[in-house]
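Architecture and fold: a report
The residues making up each chain are set out below.
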Amino acid sequence: MEKRPFATKDQLEAIAEEYGTPFHLYDEAGIRRNAQAVKEAFAWNPGFREYFAVKATPNPFLMSILQEYGCGFDCSSYTELQLAAAVGARGSDIMFSSNETPFADYALASELGAIVNLDDISHIDFFEQAAGGIPETVSCRFNPGGMFEISNGIMDNPGDSKYGMTTDQLFEAFRILKSKGAQNFGIHAFLCSNTVTNDYYPKLARVLFDLAVRLQQETGAHIAFINLSGGVGVAYTPDQTPNDIYAIGEGVKAAFEEILVPAGMGDVAIFTEMGRFMMAPYGALVTRAIHHKHIYKEYVGVDACAVNLMRPAMYGAYHHITVMGKEDAPCDHVYDVVGGLCENNDKFAIDRALPEIEDGPEGDLLFIHDTGAHGFSMGYSYNGKLKSAEILLKEDGTFQLIRRAETPSDYFATFDCFEPYAHLSQG
Ligand SMILES: *Cc1c(COP(=O)(O)O)cnc(C)c1O
């Protein structure tokens, strides 16, 4: 499918004039359209809830938009819990799916009344101490081991992943938790990442529904919800067909009616923890081409770097690039589009066919697509590079700053314990 920017060149230049480049831009209309579709796709299940994976895009302005569509929040750390709490989430609005969890994190999750999803059987006592008891509702994360293969050859390797409990441990954990007073149980599994197929959730649902029936029958535990977690992907490349969330919802429904309803478990709620699918296509990294360099290859240097978007450097991930104002120009130049880190993997694109790019202080703006999830949030501060602003393009075409860019004083703030640097941390 052809990839078009969700903003015009004029809009981007107006934002750049006010806030500089680079910046992450989010598309309010797209976020709302998609959140509504997710809600509709699972409306057949009365208890359905999407717990947005906060790590994907931890911004309270965006989280608040999702709340309007009934979303809760999936958190995995102390500060993510604080962020969810800051937008008003409490109790069952929060799913705490962490691993290698610190004591203080469990204590805060418990204080907020979050639903805790235990990653390991050994966490039961640890969590019990932090929470001062086992709550009425609790969830366990499952790892079936082996390979998990979806119909069309898409697969992942749960046997090689650090998450979740084995089948035996899960049964044992349910028995222990039940003996400690838990009454409502959840099962969670995340077996495959960024799946661009409508078959992943339905296939995963079948595995978890079969397991749920056995668990309920053999341990007597009441299964209240099944959490399909994240992993629903987006089409990063133009040749991929985007997932159809309505087809995915129907596929899960068919499995539900086939397995859970006959077992007398038609009251089970379906939960999801999507991050990428909720946000990735509705965010972009906007950066300016500032340099050209011709050595053994042709390079375009931009003012963003892997600090702003790590996925290409970390996973070799493809992100489509549009040269603003040249949407329909022929892609008759081949460039490596690179950032300024002293790291040779800092490349947003390698051997990419693009229209001719003008460089300089007023060079072309590049729109790097699909950065709305695991984009800004994965950033780091190598080379002393600072994090960019985040800006929301509103439905009416105006824009709003939803996180300011870092300044050097933010970078130096943690040296406030060290007198000679105190003046730097004050800006
Ligand atoms: C990362 C993560 C998610 C979200 O994954 P996406 O691929 O962004 O949908 C959901 N749940 C857990 C526990 C995660 O770690």
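Here goes a summary of the coordinates provided. Along each chain, numbering runs from 1 in the same order as the chain's sequence is written. Where totals are concerned, whole chains, interfaces and linings use all residues; where local detail is concerned, this predicted model gives features only for residues with pLDDT of at least 70, and gives and counts side-chain atom pairs only at 80 or more. Values shown for side chains rest on all heavy atoms present in the structure; no hydrogens or waters enter the calculation.

1. Remarks on the site of the ligand
The cutoff for a nearby residue is simple: one of its non-hydrogen atoms must lie within 4 Å of the molecule or strand. Around the ligand sit 15 residues, and of these Lys55, Glu273, Gly275, Arg276 and His374 come closest. Lys55 places a side-chain nitrogen or oxygen 2.6 Å from an oxygen atom of the ligand. In this structure, a nitrogen atom belonging to the ligand sits 3.1 Å away from a side-chain N or O atom of Asp74. Residue burial considers only the protein chains on display, and all accessible areas are found by Shrake-Rupley using a 1.4 Å probe. Relative to its unbound accessible surface of 390 Å², the ligand loses 91% to contact with the protein. Whenever two N or O atoms come within 3.5 Å, that pair is a polar contact, provided that in protein one can donate a hydrogen and the other can accept it, and provided that, for residues adjacent in sequence, both atoms are side-chain atoms.

2. What to know about the side chain of Lys347
Helix and strand definitions follow DSSP, with helices as H or I runs of at least four residues and strands as E runs of at least two, each counted in order from the N terminus. Inspection of the secondary structure assignment puts Lys347 in strand β16 (residues 347–354). Buried Lys347, no salt bridge; nearest opposite-charge side chain is Asp336, N-O distance 4.6 Å. Within the structure, Lys347 has its side chain in polar contact with the backbone oxygen of Asn344 (distance 3.4 Å). Only protein chains enter the accessibility calculation, which uses a 1.4 Å probe; a residue whose area is less than 20% of its type maximum is buried, one above 50% is exposed, and one in between is partly exposed. We score Asp and Glu as negative and Lys and Arg as positive, and we do not count His or the chain ends. The working definition used for a salt bridge is a side-chain nitrogen of Lys or Arg within 4 Å of a carboxyl oxygen of Asp or Glu.

3. Some points on a negative patch on the surface
Distance thresholds for patches are 9 Å for like charges and 5 Å for nonpolar side chains (Val, Leu, Ile, Met, Phe, Trp, Tyr), applied to residues having over 30% relative accessible area and no salt bridge. To locate a charge, the coordinates of NZ of Lys, CZ of Arg, CG of Asp or CD of Glu are taken. On the surface, Asp332, Glu356, Glu358 and Asp359 cluster together into a patch of negative charge. With respect to the helices, strands and loops of the structure, Glu356 is situated in the loop between β16 and β17 (365–368).

4. As for the pairing of strand β6 (residues 137–141)
Remark: a regular strand shows side chains that alternate across the two faces of the sheet. Counted residue by residue, β6 has four buried out of five residues, so it is predominantly covered. Direction of pairing for strand β5 (residues 115–118) relative to β6: parallel, over a ladder of two bridges. Bridged to Asn117 within β6 is Ser139. Looking down the strands as they point away from you, a crossover is right-handed if its path from the first strand over the helix to the second goes clockwise. Read as a crossover between parallel neighbours, the route from β5 over helix α6 (residues 123–131) to β6 is right-handed. Here the rule is simple: two strands pair whenever DSSP picks up at least two bridges between them. Where β6 and strand β9 (residues 184–188) come together, five bridges link them in parallel fashion. Across the sheet, Cys140 pairs through a bridge with Ile187, a residue of β9.

5. A closer look at helix α2 (residues 28–41)
To estimate the expected span of a helix, subtract one from its residue number and multiply by 1.5 Å. In this model, α2 (14 residues) spans 20 Å end to end at C-alpha, consistent with the 20 Å of a helix rising 1.5 Å per residue. For α2, the set of buried residues is Glu28, Gly30, Ile31, Arg32, Asn34, Ala35, Ala37, Val38 and Ala41. We call two residues in contact when some of their heavy atoms are within 4.5 Å. Lining the buried residues of α2 we find β1 (23–27), β2 (49–53), α3 (60–67), α9 (245–260), α10 (276–279) and β18 (389–393).

6. Examining the sheet that holds β9
With parallel pairing, eight strands are arranged side by side around a closed barrel as β2-β3-β4-β5-β6-β9-β10-β11. Direction aside, neighbouring strands of the sheet carry axes that sit 25° apart on average. Both β9 and strand β10 (residues 222–227) contribute to a ladder of five bridges, which runs parallel. From the neighbouring strand, Ile187 faces β10, where its bridge partner is Ile226. With axes taken as lines fitted to C-alpha atoms, and helix axes fitted only over the stretch in contact, angles between N-to-C directions fall between 0 and 180 degrees.

7. Comments concerning the nonpolar core
Ile187, Tyr201 and Phe209 are the most contacted members of the largest nonpolar core, which totals 92 residues. Considering each element in turn, this core owes the most residues, ten residues, to helix α8 (residues 200–219). Ranked by size, the runner-up nonpolar core spans 16 residues in total, among them Val300, Val302, Ala349 and Leu366. To qualify as a nonpolar core, a set must consist of buried Ala, Val, Leu, Ile, Met, Phe, Trp, Tyr and Cys residues joined through side-chain atoms within 4.5 Å.

8. A word on the pattern of salt bridges
All chains considered together, the criterion is met by 17 salt bridges. As a salt-bridge pair, Glu68 and Arg32 come within 2.9 Å of each other at their nearest N and O atoms. With Glu68 in the loop between α3 and β3 (72–75) and Arg32 in helix α2, the pair connects residues that are 36 residues apart, well separated along the chain. Residues Glu128 and Lys180 are paired through a salt bridge, measuring 2.9 Å at the closest nitrogen-oxygen approach. Taken together, the residues Glu128 in helix α6 and Lys180 in the loop between α7 (167–179) and β9 connect sequence positions 52 residues apart. A relative accessible area of 31% means that Lys180 is categorised as partly exposed.

9. Describing the environment of Asp119
Within the secondary structure layout, Asp119 lies in the loop between β5 and α6. Classification of Asp119 by relative accessible area gives buried; the value is 3%. Along the primary structure Asp119 and Ser139 are separated by 20 residues, whereas in three dimensions their C-alpha atoms are 8.9 Å apart. Within polar-contact distance, the side chain of Asp119 engages the backbone nitrogen of Gly164 at 2.8 Å.

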